[in-house]
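Architecture at a glance
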Amino acid sequence: MNDKSDRLSLQREQEVYAHRVKLLYRGTPLACAASFISIALLTFLNHTVVATGTLALWGGAVAVLTVVRYGLYVAFMRVAPSPDRIRSWANFMIACLFVLGVLWGSSAWLMMPVEPMVHQLYTALAMLGIITGAMSGLYPVMTAFVAFMLPMTLQPIIRLLWIGDGPQLVIAALAIMLVLYMIVFARRNVRVLTDSLTLGYEKEDLVEQLTREVQSSKALNSELERIKGALEKSVNKRTEDLQQEVNDHKSTARKLNTAKEQSDIANRAKSDFLANMSHELRTPLNAIIGFSDSIKHEIYGPLGNEKYKGYIQDIYGSGHHLLELINDILDVSAIEAGKLEIFEEDLDIADVIEATQQLLIGRADSGNIHLTTSTADGLAMLRADRRRLIQ
């Protein structure tokens, strides 16, 4: 986290310094125009006290360096260097300004004769104007301002101190105070400019960050809207499915109720039919059972043949069996209605087996099957419903 913060801080410093160097270069055209005017003015004011060749040599040197400075400006604007390569361009301009400061300061030795003093004032005022203009154009890079101002101002101050008269000493003292003030003022302007540029870049970063946050928020809102739409569609689909299921359940319930009602009607019809049929069947069966019982016991006289006794016994047993079948059918109806009753009693197992054999013997004879039974003596009584057990 600290490494990342250091990298961002270094990058911010490079961007601020690059902006200051751009400001330094952007003031070059106006400064070059002022330089040419100052060369012409000083040459005109001092042509009577300075040799023409000397003036031409000095003016030509300053003009050439001014052209070089302008050439640096043109190259800089064409290349538009990146912040990580801006420092070399700043060094080029600082070197050029230092040489220009030396050349401008050398005018003190040429254009400040001991007499007349008026030429000293001309040169001092011209240099004051140049320094003032330089401060407004060079202060974005403090090194460039100092590189130009110190060699330009120190030479006139040394020249005035060299002359040594009272007025010159006063002017030199004022010049020293002016230089110190300009350095302090320029440093304050540099701090203000640096803070302003830093705040500007931080503002741009904040705006960029806020823009990203807004875009991210919009993207998130869009995604949420998409998810919301998908959920609403899913919920609506599920609601429709549930509604369809509810409708299907209701339809099934109606069909089941209808089937139950029809089943109840069928069961009632069956019960009524069985009740009627059982009544119709029991009446002749009771007669058959009753008459066969009378014949079996020879109440009205002997049968005369032993085979008839066997037949009557079979008729009697079959009648009872048929009656029990009818009762079984009624029992099934009772079971379906949940109303079957069990009549328990103590039964002899041998009697139950014999009764069961009597029921099966007729069908066994028809199939040429001989049935035999065998039971042990002394068996315990069995408690059960006789008719259900025989069934």
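In short, a report on the structure. (Residues numbered from 1 in each chain as written. Predicted model: local features only at pLDDT ≥ 70, side-chain atom pairs only at ≥ 80, totals over all residues. Heavy atoms only, no water.)

1. Some remarks on the overall build of the protein chain
Helices and strands together make up the secondary structure of the protein chain, namely ten helices and two strands. Counted from the first residue to the last, the protein chain has its helices and strands arranged as α-α-α-α-α-α-α-α-β-α-β-α. Within the protein chain, residue pairs in contact and separated by at least 24 positions form 76% of the contacts whose partners lie at least 6 positions apart. Surface summary for the protein chain: the accessible area is close to 25,400 Å², and the carbon and sulfur share equals 62%. (Helix = DSSP H or I, 4+ residues; strand = E, 2+ residues; numbered from the N terminus. Contact = heavy atoms within 4.5 Å. Areas by Shrake-Rupley, 256 points an atom, 1.4 Å probe, with all protein chains shown as cover.)

2. Let's talk about the pattern of salt bridges
Tallied over the full model, the rule gives four salt bridges. Its salt-bridge partner being Asp241, residue Lys237 comes within 3.1 Å of it at the nearest N-O pair. Pair noted here: Lys237 and Asp241 are both in helix H7 (residues 166-296), with a separation of four residues, about one helical turn. On the basis of relative accessible area, Lys237 is assigned to the partly exposed category, the value being 47%. (Salt bridge = Lys/Arg side-chain N within 4 Å of Asp/Glu carboxyl O. Buried < 20%, exposed > 50% of the residue type's maximum accessible area, 1.4 Å probe, protein only.)

3. Quick word on helix H3 (residues 52-79)
Helical periodicity: at 3.6 residues per turn, an α-helix aligns residues three or four positions apart in one direction. Compared with an ideal rise of 1.5 Å per residue, which puts 28 residues at 40 Å, H3 spans 40 Å between its outermost C-alpha atoms and is within 8% of the ideal. Those residues of H3 not exposed but buried are Leu55, Trp58, Gly59, Val62, Ala63, Leu65, Thr66, Arg69, Leu72, Tyr73 and Phe76. Just downstream of H3 lies Ala80, where phi reads positive at about 50°. (Expected span 1.5 Å × (residues − 1).)

4. Some details on the packing of aromatic side chains
In this structure the tally under the stated criterion is five aromatic pairs. On the numbers, 5.9 Å between centres and 70° between planes, the contact of Phe76 with Trp89 is edge-to-face. With Phe76 in helix H3 and Trp89 in helix H4 (residues 86-111), this residue pair connects regions lying 13 residues apart in the sequence. You'll find Phe76 and Trp89 in the same group, each marked buried. With centroids separated by 6.1 Å and ring planes inclined at 75°, the aromatic side chains of Trp89 and Phe92 adopt a geometry described as edge-to-face. With Trp89 and Phe92 both in helix H4 and three residues apart, this pair spans about one turn of that helix. Residue Trp89 is classed as buried on the basis of its relative accessible area of 15%. Its relative accessible area of 45% is what places Phe92 among the partly exposed residues. Taken together, the ring pairs in this structure connect Tyr25, Phe76, Trp89 and Phe92 into an aromatic cluster. Cation over ring: Arg87 sits above Tyr17, and NZ or CZ is 4.2 Å from the ring centre. (Phe/Tyr/Trp six-rings, centres within 6.5 Å; stacked < 30°, edge-to-face > 60°. Lys NZ or Arg CZ within 6 Å of the ring centre and 35° of its normal.)

5. Points about the packing of H3 against H4
The N-to-C vectors of H3 and H4 enclose an angle of 165°; their axes lie 10 Å apart at closest approach. Taken as axis vectors, H3 and H4 run roughly antiparallel relative to one another. Considering how the two elements wind past one another, H3 and H4 form a crossing that is left-handed. Of the residues belonging to the contact of H3 with H4, the class tally is 22 nonpolar, four polar and one charged. (Axes fitted to C-alpha atoms, helices over the stretch in contact; angles between N-to-C directions. Parallel < 35°, antiparallel > 145°, perpendicular 65-115°, else oblique. Left-handed = near helix turned anticlockwise from the far one by under 90°. Nonpolar A, V, L, I, M, F, W, Y, C, P; charged D, E, K, R; others polar.)

6. Observations regarding the nonpolar core
By size, the foremost hydrophobic cluster in this structure holds 50 residues, and its most contacted members are Val21, Tyr25, Trp104, Phe145 and Phe148. Of all elements in the fold, only helix H1 (2-26), helix H2 (28-45), H3, H4, helix H5 (117-138), helix H6 (142-163) and H7 reach the threshold of two or more residues within this core. For this core, the element with the most residues is H4, which contributes twelve residues. If near-sequence neighbours (up to four positions away) are discounted, Val21 is found in contact with Phe76, Ile86, Ala90 and Val141. (Core = buried A, V, L, I, M, F, W, Y, C linked by side-chain atoms within 4.5 Å.)

7. Considering the packing of H2 against H4
Packing of H2 against H4 brings their axes to within 13 Å, and their N-to-C directions diverge by 15°. With respect to H4, the element H2 is oriented roughly parallel. Relative to H4, the crossing made by H2 is left-handed. Along its contact with H2, which presents Thr28, Ser35, Ser38, Ile39 and Leu42, the element H4 presents Met93, Trp104 and Met111. Each residue belonging to the contact of H2 with H4 can be placed in one class, and the counts come to five nonpolar, three polar and no charged.

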